[in-house]
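# A look at the structure
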Amino acid sequence: MAGRAPLCATAAGIIIAILAVVVLAADQFAKYLALTHLPLETPVHVLGDFLILYLIKNAGAAFSLGTGVTWIFTIALSLVAIGIVWLAATRVRSRAWAIILGLLLGGVLGNLTDRLFRAPGFPVGHVVDFISTPWMMPAIYNVADMFIVTMMIGVAILVLIGLRLDGTRERRATTSGDTRTGGSAVSVSDAAEESAAADGSPTSVEGFGDDRDPLFPAADPDAGAPRDATATRSAGDESPSRG
């Protein structure tokens, strides 16, 4: 069954844009609810220690790293967002890539929005984090972080399976016994016979000529002959020839 046709640039861009807007809206709405209903830096156990809501305002990256260089994270997020938009406009024709990059862009924009518009101000705003799952990781994160991490894993999977941005797949290297065109194994002797047949020269028969198997030489011509006949032949070979 033939595969589906690749996306056009407009369709790929629309898919990426819609998914990015949905993820951005979900992230910002979840942060709004957290800021409205959760106490700051006070754990709220939803499912025991399995799921804890813990509201913080993070000036750094994961694990609160780099709190003194918040502007660097703003630049990094901006570059990632610009890169995804550029890929969407010029390279992406695969549905899988469009979906993954759209969700990734939404996550990036979710945290970038906090960096740009939340206190203490542009471009060093603090990101709102409120989800804690200590059984999985000690970090506190948000909805945008979830999409960023999972979609980066998705990107790695697409790269490993050889799916290109345009929807084509990388060809795996063939084995040494495969032909370049058909992929069927062709031995050296078969190729030689085909070449000889094309030239009009006779081909050798297996067991005779130069292609005899060294493990199975030609049979003894005297094998199976009567003993007297063998002796007579030997005597005739030993008698001197007459001039």
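Please refer to the structure placed before this passage.
Summarised in this report is the structure supplied together with it. (Residues numbered from 1 in each chain as written. Predicted model: local features only at pLDDT ≥ 70, side-chain atom pairs only at ≥ 80, totals over all residues. Heavy atoms only, no water.)

## Concerning the packing of aromatic side chains
- For the structure on display, the rule yields two aromatic pairs.
- Here Phe50 and Trp135 contribute two aromatic rings whose centre-to-centre distance is 4.8 Å and whose plane-to-plane angle is 10 degrees, an arrangement assigned as stacked. With Phe50 in the loop between β1 (44-45) and β2 (52-58) and Trp135 in the loop between β3 (127-132) and β4 (140-141), this pair connects stretches of sequence that are 85 residues apart.
- Given the relative accessible area of 48%, Phe50 is considered partly exposed.
- For Trp135, a relative accessible area of 51% puts it in the exposed group. (Phe/Tyr/Trp six-rings, centres within 6.5 Å; stacked < 30°, edge-to-face > 60°. Helix = DSSP H or I, 4+ residues; strand = E, 2+ residues; numbered from the N terminus. Buried < 20%, exposed > 50% of the residue type's maximum accessible area, 1.4 Å probe, protein only.)

## A few points about the packing of helix α1 (residues 9-37) against helix α3 (residues 95-117)
- It is at 7 Å that the axes of α1 and α3 come closest, and there the two elements cross at 40 degrees. Relative to α3, the element α1 is oriented oblique. In terms of crossing hand, the pair formed by α1 and α3 is right-handed. (Axes fitted to C-alpha atoms, helices over the stretch in contact; angles between N-to-C directions. Parallel < 35°, antiparallel > 145°, perpendicular 65-115°, else oblique. Left-handed = near helix turned anticlockwise from the far one by under 90°.)

## Focus: the sheet that holds β2
- Strand order in this open sheet of four strands is β1-β2-β3-β4, and the pairing throughout is antiparallel. Pairing within the sheet leaves two strands with one partner each, and these edge strands are β1 and β4.
- Bridge count for β3 against β4 is two bridges, and the pairing is antiparallel. Following the sheet pairing, Ser132 is matched in β4 by Ile140.
- Here α1 sits on the sheet and contacts β2 and β3; the angle it forms with β3, its principal contact strand, is near 80 degrees.
- Helix-sheet contacts for helix α4 (residues 143-160) involve β3 and β4, and the interaxial angle to β3 is about 80 degrees. (Pairing = 2+ DSSP bridges. Contact = heavy atoms within 4.5 Å.)

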